[in-house]
Amino acid sequence: MNIQTRPLADLSVALDPQVNPPGAVEPVTTAAVIAPRLLSPGLAISLAFLFVLLLAAAFPRAFTQFDPLIGDYALGLKPPSWKHLFGTDRLGRDVFARTIHGTRYSLLIGLGGMAISLAFGIVLGILAGQRNRFLDEATSRVFDVLSSFPGVLLAMLVVTFLGQGMLNIAIAVGIAGIPKFGRVIRAQTQLVRDADYVTHAVVYGLGRWQIFIRHVLPNVLVAVPVIATVYIGNTILAVSGLSFLGLGPQPPTPEWGVMLAESRDVLRVAWWPGVFPGLAITLTVIAFTLVGNAIQKRFEGRLA
Amino acid sequence: MWSRIISRLLTSLVVAWASVTAAFLALHALPGRIQDILAGDLEYPGLREAIAAEWGLDRSLPAQYLDFLLRILQGDFGTSYVLRQPVTEVVGSQLMPTVQLALLGGILAVIIAIALALLTAGRGRISRQIASFLELVFASTPVFWLGILLLMAFSFTLRWFPVSGASGWQSIVLPSLTLALPTAGLLAQVLREAMEKTLDQPFVTTVRSRGVGELVIRARHVLRHALLPAVTLGGWLIGGLLGGAVITEKVFGRPGLGTVTLGAVLTHDVPVVLAVVLLAAFIHVAASTLLDILYLLIDPRLRAQ
């Protein structure tokens, strides 16, 4: 599991070379910019998948009639059928219903962790991005120290201190993610700081705070949705790993990592409880990565 | 160049020292008495007093801090009160299987990534699309799920490899593959992109004009350049491997640091978890320092600056 800085390749482009052929003239209207990208099949499927995921998180009962927690022992470990699309688990619970209901947990914990990383990352990153050398050195060393701990292990330390639970693994993953966001925000702040419009504002005679609030801050924050989309997949991966270890939500919670941990005992006789929740995690991460990369591509070069 | 190496070493020492300090501060910043935090889930008369004596809790904070630093410098991570053993013994006895797994996983990851990059960088559209799709899938798959899938395919269905345990070479094949694939996916992404950039450089045309074969150009000339950006990922890679090893061990029921750490987390055995985390941080810092220095030695352009 990798919570740490993840190299980003422009996969959306690699997967679809129609997007942005070299030397293409930039289309002028917004619609013209968006339209060809929506045609990219990978991106379109990803967006559709994420939309369904959000629906499943908000209204899980609209997707399935079965209860995620109550099963029929007599119907334990039935293979996938039309009635039970993903089969049933050891306790006769519908795996499809559990996977659908699990969406909410995975997304919520992932978003929660991300919010923590972002909040600290933004504040520290902006501090580091100021012209003050000492502030920059100090904050950057904080990032170095935080990222010198492997993400999973740092998260495990946090859980040792705080105890198991959903909120606590969100905090754990959130802390581990701070340096990653902090460094991006620092770079962005430096870019904005040196931009022409800030110089103009200084020449114009605006005060330091006025420049910061009205010109620097908004332009730094523009980057946040981009970084957030690119990294949310990683956060979800990290969270699922901790839940798999039993550090997050506890059984019978239908969380994807927890479900996979439970499936470990029945693998010998049944493949379905160990396949579908994992597929859900992987597809979610792929979808977020593709969308994130597409957004990043669109913002490239105009962030500052 | 020497000044650069020395300053790099100093920075690493500062980071290592800061991580120990952070651990100390975290202990003291937590609500509750240190005795209670260190005791874990344990409760018996005289325990709190023994902990207070061992950690010198009656002394001033700076004295405690200095003592903490000195002890860690001597490789003494204290006592696990839950296991009633020195932490060094607990961790030391389980270190080897994890190091083996992480090393093997790392080597496999590098081999797979280099093979993917060598074969697909700058080739036709279809092979590149396939490669980048594979990389995306590998990088997005949770380590433990990959382990579960491999177990189902190769242990339960085909019966090629044992299901769990750590005896014989067969038992390490699936865990190391599990650990390697996600890392290989990320590494291959970076490597391929770097190779594609390098392939456009004039010196490649020069080499090609000398009649050197395509594979030799890639393996001998382009790869060396492309490895440089990948080397910067080295530290991150090692951290990821150590963390991944903990999870992989759980999937395959392998003995090692993972089992020890997980048990310690669940019984709130703070000294053990702290030792594992600090150890991992030291390994991470040492490895990335070494790689950065290697980077200086490999690339003459950096030396000149």
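This write-up is about the structure you can find in this document.

1. Quick word on the overall build of chain B
(1) Moving on: When its secondary structure is counted, chain B shows 14 helices and two strands.
(2) Moving on: The 305 residues of chain B split such that 51% are buried.
(3) Moving on: Considering only contacts within chain B whose residues lie at least 6 apart along the sequence, 72% involve residues at least 24 apart.
(4) Moving on: A total of about 13900 Å² of accessible surface is found on chain B, and carbon and sulfur atoms cover 68% of it.
(5) Moving on: Averaging the positions of the 22 positive and the 18 negative side-chain charges in chain B gives two centres separated by 16 Å.

2. Details of the interface of chain A and chain B
(1) Moving on: At the interface, 52 residues of chain A touch 63 residues of chain B.
(2) Moving on: Between chain A and chain B the total buried area reaches about 4900 Å² when both faces are included, carbon and sulfur atoms providing 76% of it.
(3) Moving on: Scanning the region where chain A abuts chain B turns up zero salt bridges.
(4) Moving on: Residue assignment for the side of chain A that touches chain B shows that the elements contributing at least two residues are α1 (11-15), α5 (133-148), α6 (151-162), α10 (223-244), α11 (256-263) and α12 (272-299) of chain A.
(5) Moving on: Sorting elements by how many residues they give to the side of chain A that touches chain B places α12(A) first, with 10 residues.
(6) Moving on: Within the side of chain A that touches chain B, the residues separate by chemical class into 30 nonpolar, 16 polar and six charged.

3. What to know about helix α5 (residues 87-120) of chain B
Residue and element names in this part refer to chain B.
(1) Moving on: Between the first and last C-alpha of α5 there are 47 Å, a value that for 34 residues agrees with the 50 Å anticipated at 1.5 Å per step.
(2) Moving on: Of all the bends in α5, the largest measures some 45° and sits at L95, one to four residues before the proline P97.
(3) Moving on: Backbone geometry just downstream of α5 places G122 in the positive-phi region, at approximately 70°.

4. Some points on the packing of α12(A) against helix α6 (residues 125-140) of chain B
(1) Moving on: As a packed pair, α12(A) and α6(B) sit with axes 9 Å apart at the nearest point and diverge in direction by 120°. Comparing their axes, α6(B) and α12(A) come out oblique. Relative to α6(B), the crossing made by α12(A) is right-handed. Listed contacts from α6(B) to A:T282, A:V285, A:I286, A:T289 and A:L290 of α12(A) are B:L136, B:V137 and B:S140.
(2) Moving on: Per-class residue counts for the contact of α12(A) with α6(B) are five nonpolar, three polar and no charged.

5. Some details on the packing of α10(A) against α12(A)
Residue and element names in this part refer to chain A.
(1) Moving on: Where α10 meets α12, the closest approach of the two axes is 7 Å, and the angle between their N-to-C directions is 160°. Put simply, α10 runs roughly antiparallel to α12. Relative to α12, α10 is oriented so that their crossing is left-handed. For the pair α10 and α12, the contacting residues are V226, T229, V230, I232, G233, I236, L237 and S240 in the first and I281, T284, V285, F288, V291, G292, N293, I295, Q296 and F299 in the second.
(2) Moving on: Looking at the contact of α10 with α12 residue by residue, the class counts come to 11 nonpolar, seven polar and no charged.

What counts and what doesn't
- Residues numbered from 1 in each chain as written.
- Chains lettered and ligands numbered in written order.
- Predicted model: local features only at pLDDT ≥ 70, side-chain atom pairs only at ≥ 80, totals over all residues.
- Heavy atoms only, no water.
- Helix = DSSP H or I, 4+ residues; strand = E, 2+ residues; numbered from the N terminus.
- Buried < 20%, exposed > 50% of the residue type's maximum accessible area, 1.4 Å probe, protein only.
- Contact = heavy atoms within 4.5 Å.
- Areas by Shrake-Rupley, 256 points an atom, 1.4 Å probe, with all protein chains shown as cover.
- Lys, Arg positive; Asp, Glu negative; His and termini not counted.
- Charge placed at Lys NZ, Arg CZ, Asp CG, Glu CD.
- Buried area = accessible area lost by both parts, 1.4 Å probe.
- Salt bridge = Lys/Arg side-chain N within 4 Å of Asp/Glu carboxyl O.
- Nonpolar A, V, L, I, M, F, W, Y, C, P; charged D, E, K, R; others polar.
- Expected span 1.5 Å × (residues − 1).
- Bend = angle between axes of the 7 residues up to and from the residue.
- Axes fitted to C-alpha atoms, helices over the stretch in contact; angles between N-to-C directions.
- Parallel < 35°, antiparallel > 145°, perpendicular 65-115°, else oblique.
- Left-handed = near helix turned anticlockwise from the far one by under 90°.

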